[in-house]
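Inside the fold
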Amino acid sequence: MLNMAQRKLFNHIDKICEEQLDAPVTQLAALMYVCKNSGCQQSDLAQALALNKSGVTTLVRRMEKNTLLERRTSDHDGRAMQLFPTPDGLKKVMQLGPYIDQLNQGFRDAFSDEEIATVLKFLNYILKRF
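Below is a short write-up of the structure.

Here is what the cut-offs are and how they apply
Residues numbered from 1 in each chain as written. Predicted model: local features only at pLDDT ≥ 70, side-chain atom pairs only at ≥ 80, totals over all residues. Heavy atoms only, no water. Helix = DSSP H or I, 4+ residues; strand = E, 2+ residues; numbered from the N terminus. Buried < 20%, exposed > 50% of the residue type's maximum accessible area, 1.4 Å probe, protein only. Areas by Shrake-Rupley, 256 points an atom, 1.4 Å probe, with all protein chains shown as cover. Phe/Tyr/Trp six-rings, centres within 6.5 Å; stacked < 30°, edge-to-face > 60°. Lys NZ or Arg CZ within 6 Å of the ring centre and 35° of its normal. Core = buried A, V, L, I, M, F, W, Y, C linked by side-chain atoms within 4.5 Å. Contact = heavy atoms within 4.5 Å. Expected span 1.5 Å × (residues − 1). Salt bridge = Lys/Arg side-chain N within 4 Å of Asp/Glu carboxyl O. Axes fitted to C-alpha atoms, helices over the stretch in contact; angles between N-to-C directions. Parallel < 35°, antiparallel > 145°, perpendicular 65-115°, else oblique. Nonpolar A, V, L, I, M, F, W, Y, C, P; charged D, E, K, R; others polar. Pairing = 2+ DSSP bridges.

The subject of this paragraph is the overall build of the protein chain. The secondary structure content of the protein chain amounts to 6 helices and 3 strands. When its C-alpha atoms are laid out on the principal axes, the protein chain stretches across 50 × 35 × 20 Å. Looking at the protein chain residue by residue over its 130 residues, the buried ones come to 25%. For the protein chain, the accessible area works out to roughly 9400 Å², and carbon and sulfur atoms hold 55% of it.

Right under this line is the structure:
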């Protein structure tokens, strides 16, 4: 059930992101991370999104192509690339905010604070345990 619920929610959110923001939810999730951690390395993004090296490389290339972020050589390590949001990327994150708020409000309307706390406790247990 957990997997089915995750897929259904992901597909719902992805459809909204594609239709309203012209970007897939995976790119927008990555963009949110890069905006909060400007200058991060691809390995940081990979860890945050639980992606392997090739997966995050492909994701970053697509995001560059869509002018959402840019890669720059690190000042500290010439082999490392740092990620920065572009003005277009920052704009997309700002546009995404109301959709996140609306989704979260839907959950708050459907569940009590105690129920939400229980779900969060369950999900955090899984993330820490496995």
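From this point on, the discussion continues.
This brings us to the packing of aromatic side chains. Summed over the entire model, instances satisfying the criterion amount to 0 aromatic pairs. For the cation-ring pair, Arg 72 lies above Phe 84, with the distance from its terminal atom to the ring centre recorded as 4.0 Å.

Side chains of a nonpolar character, in soluble globular proteins, are inclined to be buried together. Judged by nonpolar contacts, the single largest core of 19 residues is most densely connected at Leu 28, Val 34, Leu 45, Val 60, Met 63, Leu 69 and Leu 83. Of all the elements in the fold, those that place two or more residues in this core are helix 1 (2-21), helix 2 (25-36), helix 3 (42-49) and helix 4 (53-65). The biggest single contributor to this core is helix 2, with 5 residues. Setting aside chain neighbours within four positions, we find Leu 69 in contact with Val 34, Val 60, Met 63, Glu 64, Leu 83, Phe 84, Pro 85 and Thr 86.

This part is about helix 2. In a regular helix each residue adds 1.5 Å, so 12 residues correspond to 16 Å; helix 2 covers 17 Å between its end C-alpha atoms and thus fits that length. Listing the buried residues of helix 2 in full gives Val 25, Gln 27, Leu 28, Ala 30, Leu 31 and Val 34.

Here the focus is the pattern of salt bridges. The final tally for this structure, using the stated rule, is 3 salt bridges. Between Arg 71 and Glu 64 there is a salt bridge, with its nearest N and O atoms 3.0 Å apart. Overall, the relative accessible area of 25% leaves Glu 64 in the partly exposed class. In this structure, Arg 72 and Glu 70 form a salt bridge, with 3.1 Å as the shortest nitrogen-oxygen distance. Overall, Glu 70 belongs to the partly exposed group, its relative accessible area being 32%.

Packing of helix 1 against helix 2 brings their axes to within 8 Å, and their N-to-C directions diverge by 85°. Between helix 1 and helix 2, the angle falls in the class roughly perpendicular. Contacts from Phe 10, Ile 13, Asp 14, Cys 17 and Leu 21 of helix 1 reach helix 2 at Val 25, Thr 26 and Leu 28. Each residue belonging to the contact of helix 1 with helix 2 can be placed in one class, and the counts come to 6 nonpolar, 1 polar and 1 charged.

This part takes up the environment of Val 119. Secondary-structure assignment places Val 119 in helix 6 (residues 113-129). Placed 104 residues apart in sequence, Val 119 and Lys 15 show a C-alpha to C-alpha distance of 24 Å.

With that settled, consider the sheet that holds strand 1 (residues 40-41). One open sheet holds the 3 strands; their spatial order is 1-3-2, and the pairing between them is antiparallel. Strand pairing shows two members of the sheet lacking a second neighbour, strand 1 and strand 2 (69-73), which therefore form its edges. Where strand 2 and strand 3 (residues 81-85) come together, 5 bridges link them in antiparallel fashion. Each bridged residue has a counterpart across the sheet, and for Arg 72 the counterpart in strand 3 is Gln 82. Each of strand 1, strand 2 and strand 3 touches helix 2; the most contacted strand, strand 3, lies at about 100° to it.

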